[in-house]
Structures are given as structure tokens and as C-alpha cells.
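# Notes for the structure review
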Amino acid sequence: MTGSGTMWRCVVAKVMRAWVVSEPRLITQSPLTLVERPVPIPARGEVLVRVRVCGVCRTDLHLAEGALPPRRASVVPGHEVVGEVVQLGDGASRFGVGDRVGIAWLRYTCGACRWCRSGRENLCPESRYTGWDADGGYAELAVVPEGFAYRVPTSFADAQAAPLLCAGIIGYRSLLRTQLPPGGRLGIYGFGASAHLTAQVAIAQGAEVHVLTRGQAARELALQLGAASVGGPFDQAPVPLDAAIIFAPAGELVPLALESLGAGGTLVLAGIHMSDIPALDYRRHLFRERSVRSVTSNTRGDGEAFLVLAQRLSVQVTTTTVPFERADLALRDLAAGRVRGAAVLTLAT
Ligand SMILES: [Zn+2]
Ligand SMILES: [Zn+2]
């Protein structure tokens, strides 16, 4: 840093600390390592962001453990970043230095394929992702193409805003995919970061929400947020459901959730990874026009719409903050189901 004057903002260190997936393996075997890395240089159209917080998502765990195959050696995970723009790449003009921005999962689509041209850029075969194809936010600084960054709603503090960027947006898309009728009955399996945000949106829109999850703390949080009932993940829902969303990465829940649906009901699978789904019985699980749908990432339109809605509904974000230096332990806690709400890494500035 220079001694004085107005140039200090332009001075960015050359080296930073970052967590990398050194070798994918079980989280209990420490797949993440804290290293020093050169600070990334923003390419054309990109901005460099000083990370203030980064949410911990289950996808980070899947990457660390190799359930999602690595696309880049020693990648820095993390795709729920809230930070401050500190440098603009050539041609970047959407944000100014000092602006608060969010970096999320989706970071590139081609803009030209049939999916991109029909409002479904989440299905673009060229799509790329933060913390998988490119380094993410478990670091002191990160770059992002400006067109894929978000303005963060002012009503949320940094740590509260971070989980909105993946848990919130993907949960919102999952809710849209249920096509839940007005006042409908929605089952939610698993009640972590994404589910606790999605439940609030559904309830605010008039849905009757039934939560089926392990863990007493998660069930208490669900009731506090307005769930009509809570139960264990293997319980039958108390009423026939119009739709259900499975947030837990557990394929064995699929037949159970299908049996809890009424005629014409829709089951949505929200995760990027799921363990094997047992064989289904046509009559018990699918007949009477029940259907199963997956969710693949999100469009930027989903993201913008959800952030506006989250602010308008004053969505309450329950977080457990963890110092940046303990990112590996935060992932262990997530794997063990010990996190209340969403874990968020905080960086001292
Ligand atoms: Zn495309
Ligand atoms: Zn995520």
C-alpha cells in the first residue's frame, strides 16, 4: 500500500492466500490445502474482486471429495462470493472500483446456441462454473466476467447475502420447476442452506410446506420459519403433496417422495449430484401422472429475479460464520450435518 493519497485502491498485492483441492478424496482425509497463489489478473471484460465472505455450498464438498470430477487441477472452490471490485479488466464498464458485487456458480455461456437463444442458458453445452472450471472464492481475491456478476441487494449484510447466490438461486429455480399451484402443498426433503431459503419463498407465496429432514435443529428452524409440519426423512408426509423438492443428495429418498405425491404431483431433484436411485415401481411411484424433474444450474434471469424477491420478502438467512482459515473444517461440518442454515467463510480485511 502506498503511504497516502487516492491511489491506494489501485494497489493490489501480488500474492494471496487460497484454498485449493490438492487431491479429491474424502473430506475427513483433508483434500483441501491452504496455499499462496499469484493474484489473478482480470482479463478483458472481467473484474477483480476482493473477497469479503464466501458461502460454503454442498457442491464444494462434492468437488473436494471427487463426486464431481475435477475439471482443473488444484482449483480454488467457492461460488457464493460477496466482495468489492478492486480492479477492472480492459473493456469492463458495468461496475466501478469499490462496488459490492456477488460472484455465483454460472460464469460463462456461449450466447449463441439453441439453449442460450431460448432463455435456457443454464443448459448451454459451453457453460462454465466458478470453483470448478475457474478458480472461485475460497481465496482473498477472485476474478469474474462482469456480465455474470450480480449487484447485491443493499438490505443484506455480506454474510447474509452470500448464501443467496447459490443456495438461494438454485432453490428458487427448483421451486419454479415444481409448478406448485397457488396455495399448494409442498414437501421439502433436507433442510440446509438452500431449503431454508426456498421454504420461506414458498410460504410467502401461500404454499403449505412440510419439511422432512434429519436433525432436531433443522426441524426447529423449519417450524420457526413457518413450516406446517416437520418429520424425519423416511416418514410419510402427513398429507398428499402437490409437489416435493429433494435437496438432500440421497437417491433413496426418490421413491419415498414419489409415494408422498398426490395425483399429478411433481418431484424436483435440486442437487448437482445424487446417490443411486433405487428401482421404481410404476404403479406405486409414477402412475397417476406423477413426474420427476431435475434442476441444472440457473439462468442469470433466475438469479436477478430471486435477488429482487429475497429483498422484497425480507428472507431471513440463517448463517454459521467460519474464519477463512478453517474452510476445511466447515466442509467437514457440512458433511456431518452439523451446520445450522448456511456456513459462510469470513475474511479479515
Ligand atoms: Zn450457449
Ligand atoms: Zn452451490
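Everything in this summary refers to the structure shown in the same document. (Residues numbered from 1 in each chain as written. Chains lettered and ligands numbered in written order. Predicted model: local features only at pLDDT ≥ 70, side-chain atom pairs only at ≥ 80, totals over all residues. Heavy atoms only, no water.)

The next subject is the coordination of the zinc ion (ligand 1). Taken together, Cys110 (SG), Cys113 (SG), Cys116 (SG) and Cys124 (SG) make up the protein donors of the zinc ion (ligand 1), found 2.3 to 2.4 Å from the metal. One can describe the site at the zinc ion (ligand 1) as tetrahedral: its 4 donor atoms subtend angles covering 105 to 116 degrees at the metal. The buried category is assigned to Cys116, whose relative accessible area is 16%. (Donors = N, O, S within 2.8 Å, 3.2 Å for Na, K, Ca; no water. Tetrahedral: all angles 85-135°; square planar, octahedral: opposite > 155°, others 65-115°. Buried < 20%, exposed > 50% of the residue type's maximum accessible area, 1.4 Å probe, protein only.)

With that out of the way, let us pick up the packing of aromatic side chains. Counted under the stated rule, the structure contains 5 aromatic pairs. Arranged with centres 5.8 Å apart and planes meeting at 10 degrees, the rings of Trp105 and Trp132 form a pair that is stacked. Of this pair, Trp105 sits in the loop between β5 (100–103) and β6 (106–108) while Trp132 sits in the loop between β7 (128–129) and β8 (141–145), and the two are 27 residues apart along the sequence. Taken individually, Trp105 and Trp132 each receive the classification buried, so the pair is uniform in this respect. Grouping aromatic residues by their ring pairs yields a cluster made of Trp105, Tyr129 and Trp132. (Phe/Tyr/Trp six-rings, centres within 6.5 Å; stacked < 30°, edge-to-face > 60°. Helix = DSSP H or I, 4+ residues; strand = E, 2+ residues; numbered from the N terminus.)

A few words now on the pairing of strand β10 (residues 185–189). In the case of a regular strand, side chains alternate between the two sheet surfaces. Buried residues dominate β10, accounting for 4 of its 5 residues. Where β10 and strand β11 (residues 208–212) come together, 5 bridges link them in parallel fashion. Bridge pairing in β11 links Arg185 to Glu208. With respect to chirality, the unit in which β10 leads through helix α4 (residues 193–204) into the neighbouring parallel β11 is right-handed. One ladder, built from 4 bridges, connects β10 with strand β13 (residues 241–246); its direction is parallel. Residue Ile188 lies in a different strand from β13, and its bridge partner there is Ile245. (Pairing = 2+ DSSP bridges. Right-handed = clockwise from strand over helix to strand, strands pointing away.)

Below, the discussion takes up the coordination of the zinc ion (ligand 2). Surrounding the zinc ion (ligand 2) are the protein donor atoms Cys57 (SG), His79 (NE2) and Cys166 (SG), which sit 2.0 to 2.2 Å from the metal. Of note, the zinc ion (ligand 2) draws all its donor residues from one chain, in the sequence arrangement C-x21-H-x86-C. Of the two residues, His79 sits in the loop between α1 (58–65) and β4 (81–88) while Cys166 sits in the loop between α2 (158–161) and α3 (167–178), which places them 87 residues apart along the sequence. Summarising the burial analysis for this pair, His79 and Cys166 share the class buried.

This part is about helix α9 (residues 327–335). If you check which residues of α9 are buried, you get Ala327, Asp328, Ala330, Leu331 and Leu334. Here the buried residues of α9 occupy an arc of 160 degrees about the axis, which is enough to place them on one side. Buried-residue contacts for α9 involve β1 (15–21), β2 (32–38), α1, β16 (319–323) and β17 (342–346). One or two positions beyond α9, positive phi appears at Gly337, with a value near 70 degrees. (Arc of directions from axis to C-beta. Contact = heavy atoms within 4.5 Å.)

It is worth spelling out the packing of α1 against α9 at this point. Where α1 meets α9, the axes come as close as 10 Å, and the angle between the chain directions of the two elements is 105 degrees. In this view, α1 runs roughly perpendicular relative to α9, as classed from their interaxial angle. Here Arg58, Asp60 and Leu61 of α1 come into contact with α9, specifically with Leu331, Leu334 and Ala335. For the contact of α1 with α9, a count of residues per class yields 4 nonpolar, no polar and 2 charged. (Axes fitted to C-alpha atoms, helices over the stretch in contact; angles between N-to-C directions. Parallel < 35°, antiparallel > 145°, perpendicular 65-115°, else oblique. Nonpolar A, V, L, I, M, F, W, Y, C, P; charged D, E, K, R; others polar.)

Attention shifts here to unusual backbone geometry. Leaving glycine aside, a negative phi is the common case for residues, and trans is the common case for peptide bonds. Its identity as a non-glycine residue notwithstanding, Ser30 has a phi of 55 degrees, on the positive side. The phi angle at Glu289 is positive, at roughly 55 degrees, despite the residue not being glycine.

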